[in-house]
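Chains, contacts and geometry: an overview
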Amino acid sequence: MSAAASGGRSASLRAQLPRAAAIHAYIISGVSFQLVPLLIGAIKQSLHLTTVQVGAIPSSELIGLTAANLICAALIRRTSWRLLTLAGWILWIAGNLSSTLATTAGTLLTLRFVAGVGTGMLSAVSMAALARLAAPERSFAAAAVIQALVAAACTLATPLLLRTDSWMAVYVLLALLGVPGLFLFGSLANLGRSSMASGTAADARRRYTTLMLLGPLGVLLTYVAMSMVWTYYGEIGESGGLSTQAIANALSVGAVAVVGVSLLVTAMGRRIPRPAAISASLIFTCSAVLMAFSVAKPWTFGLSVIVWTCGTGIFTPYTFAATAEIDPTGSSTALAGGLSGAGIAIGPLLAAPFVGSVGIASIRILAPVFLVAGFVVLLPLLRKRHSSLVPAR
């Protein structure tokens, strides 16, 4: 191989490092929560926790994640990405490693909050970074695919680790996943600097406009609907007389469908217009809710889960890409990411009183109302067209 060819390949690999660093930081936020259902029982037994204390563990981490994400969404306009990214990785790694030493509920809750803050910082920076890359639809979809694969691998590894009678080993695994970030954070920071030099400096000095806030608000409303449906999907199936096994099979197929849809978005990118993609997402998600409450048969319920996951899998990359073009700094996209976490937390809380008083059928009305509201809010955003910030590599 000639020196010129070798140098060209090395340059090409270096050019991809910022994308790799952004995707690596992005996938972290989903892995920890994927493992919570598997860890809760072992932690409860080991630390002799009450039911309330057990429920507070994921809540503590989610509060830290959401708060840090929302704060950093504003900070990334003016603050060094190097500082935010390095601090995020240190808090993530230290929070997970320290969690292995927790002996009381209060200590564990505090350390999970610390890990959540680190996750929120990484989430904000990675969202802004993916927003600044060319073809953001493809970048977000590719990140979703890799996140799902890593989460699946960790899900398979967790029972093996728990067989050693040590839930602490799972937190060690999570900490190790963050170690590459200590070597990649400089590439992520360089992306922030190069983007600012290429034309976002003026945007960073601007205040948020109404248009910049529509994307995050639309994401919040839509994720409220998504979380309430996904939380009660099992009960929807049970209300139709389906067995637990049938429901589990349907949800498993849905998890695979998400990967397939994300791969499709990665391949198609802007060849599907954003208004058409998000309109399709609305149709899929609303149709899935109605299908889930229709004739209760395993195949119809499974089909509703597939249709639902197709709708949600389309929504995220195209909506985040739309916010990226309205606000080239990536701040609005980071804010949308933070509000997606808030929507996930709010959805089940909002639906619970209705489910308790009216029954599970209330989801059939509530979810489409929030889905349509999110779409209406996003409409002005989808009508705007802006040039890509960073040229394709």
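Residues numbered from 1 in each chain as written. Predicted model: local features only at pLDDT ≥ 70, side-chain atom pairs only at ≥ 80, totals over all residues. Heavy atoms only, no water.

Along its length, the protein carries 13 helices and 0 strands. In the protein, the succession of α and β elements from N to C terminus is α-α-α-α-α-α-α-α-α-α-α-α-α. Among the 393 residues that make up the protein, the fraction classed as buried is 52%. For the protein, restricting intrachain contacts to residue pairs at least 6 apart in sequence, the fraction spanning at least 24 positions comes to 86%. Roughly 16700 Å² of accessible area belongs to the protein as shown, and the carbon and sulfur atoms make up 70% of that amount. (Helix = DSSP H or I, 4+ residues; strand = E, 2+ residues; numbered from the N terminus. Buried < 20%, exposed > 50% of the residue type's maximum accessible area, 1.4 Å probe, protein only. Contact = heavy atoms within 4.5 Å. Areas by Shrake-Rupley, 256 points an atom, 1.4 Å probe, with all protein chains shown as cover.)

All right, on to unusual backbone geometry then. Backbone geometry at His48 places phi at a positive 55°, although glycine is not the residue there. Here His48 is to be found in the loop between helix H1 (3-47) and helix H2 (51-75). Residue classification places His48 among the exposed residues on the basis of a relative accessible area of 70%.

Glancing now at the pattern of salt bridges. Tallying each qualifying case throughout the model produces 3 salt bridges. Note that Glu61 is salt-bridged to Arg112, the shortest N-O span being 3.1 Å. You can see Glu61 sitting in helix H2 and its partner Arg112 sitting in helix H4 (residues 105-132), a full 51 residues away along the chain. Here Glu61 and Arg112 have matching classes, each one buried. The salt bridge partner of Arg274 is Glu325, with a shortest N-O separation of 2.6 Å. Of the two residues, Arg274 is situated in helix H10 (residues 274-292) and Glu325 in helix H11 (residues 298-326); the sequence distance between them amounts to 51 residues. Looking at Glu325, the relative accessible area reads 9%, which means it is buried. Shared partners join several salt bridges into a network, and the residues in it are Glu137, Arg274 and Glu325. (Salt bridge = Lys/Arg side-chain N within 4 Å of Asp/Glu carboxyl O.)

The next thing to look at is the nonpolar core. Counting 81 residues, the largest nonpolar core has Leu130, Met228, Val229, Tyr233, Phe301, Trp308 and Ile363 as its most contacted members. Sequence-distant contacts of Met228, defined by excluding residues within four places in its chain, comprise Gly347, Pro348, Leu350, Ala351, Ile363, Leu366, Ala367 and Phe370. Ile28, Ala105, Leu108 and Trp167 belong to the second largest nonpolar core, which has 27 residues in total. (Core = buried A, V, L, I, M, F, W, Y, C linked by side-chain atoms within 4.5 Å.)

Relative to the elements of secondary structure, Thr319 occurs in helix H11. For Thr319, a relative accessible area of 0% gives the class buried. A distance of 2.8 Å separates a polar atom in the side chain of Thr319 from the backbone oxygen of Phe315. Excluding anything up to four places from it in sequence, Thr319 contacts Val219, Ile278 and Leu378. (Polar contact = N/O pair within 3.5 Å; in protein donor to acceptor, adjacent residues only side chain to side chain.)

Attention now goes to the packing of helix H8 (residues 210-239) against helix H12 (residues 331-357). Interaxial distance between H8 and H12 falls to 6 Å at its minimum, and their mutual angle equals 40°. On the basis of their axis angle, the class for H8 and H12 is oblique. The element H8 and its partner H12 pack so that their crossing is right-handed. Split into classes, the residues belonging to the contact of H8 with H12 amount to 21 nonpolar, 6 polar and no charged. (Axes fitted to C-alpha atoms, helices over the stretch in contact; angles between N-to-C directions. Parallel < 35°, antiparallel > 145°, perpendicular 65-115°, else oblique. Left-handed = near helix turned anticlockwise from the far one by under 90°. Nonpolar A, V, L, I, M, F, W, Y, C, P; charged D, E, K, R; others polar.)

Mapped onto the elements of the fold, Ala321 is located in helix H11. Along the primary structure Ala321 and Ser139 are separated by 182 residues, whereas in three dimensions their C-alpha atoms are 9.0 Å apart. Ignoring sequence-local partners within four residues, the contact set of Ala321 consists of Pro136, Glu137, Phe140 and Arg274.

Taken N-terminus to C-terminus, the directions of helix H9 (residues 244-268) and H11 make an angle of 35°; their axes are 8 Å apart at the nearest point. Read as a crossing pair, H9 and H11 show a hand that is right-handed. Between H9 and H11, the contacting residues are Ala246, Ile247, Ala250, Leu251, Val253, Gly254, Ala257, Val258, Val261, Val265 and Met268 on the first element and Pro298, Phe301, Gly302, Val305, Ile306, Thr309, Cys310, Gly313, Ile314, Pro317 and Tyr318 on the second.

Our focus in this paragraph is the packing of aromatic side chains. Under the counting rule described, the total for this entry stands at 6 aromatic pairs. Where Tyr233 meets Phe301, the ring centres are 5.5 Å apart and the plane angle is 85°; that geometry is what we call edge-to-face. A residue pair is termed long-range when its members are at least 10 positions apart, and Tyr233 in helix H8 and Phe301 in helix H11 qualify at 68 residues. As far as burial versus exposure is concerned, Tyr233 and Phe301 are alike and both buried. (Phe/Tyr/Trp six-rings, centres within 6.5 Å; stacked < 30°, edge-to-face > 60°.)

Taking 1.5 Å per residue, 27 residues should reach 39 Å; H12 reaches 40 Å between its end C-alpha atoms and fits that length. For H12, the principal kink sits at Ala351 and spans about 30°; a proline, Pro353, occurs within the next four residues. Residue Gly359 follows H12 closely and has a positive phi angle near 115°. (Expected span 1.5 Å × (residues − 1). Bend = angle between axes of the 7 residues up to and from the residue.)

Now for H4. An α-helix turns once every 3.6 residues. As a result, residues three or four positions apart point the same way. The end-to-end C-alpha separation of H4 is 40 Å, in line with the 40 Å expected for 28 residues at 1.5 Å each. Within H4, 22 of the 28 residues are buried, which leaves the element mostly enclosed by the surrounding structure.

On the accessibility criterion, Glu61 (3% relative accessible area) is buried. Glu61 has contacts with Ser32, Phe33, Trp92, Arg112, Phe113 and Gly116, leaving out every residue within four places of it along the chain.

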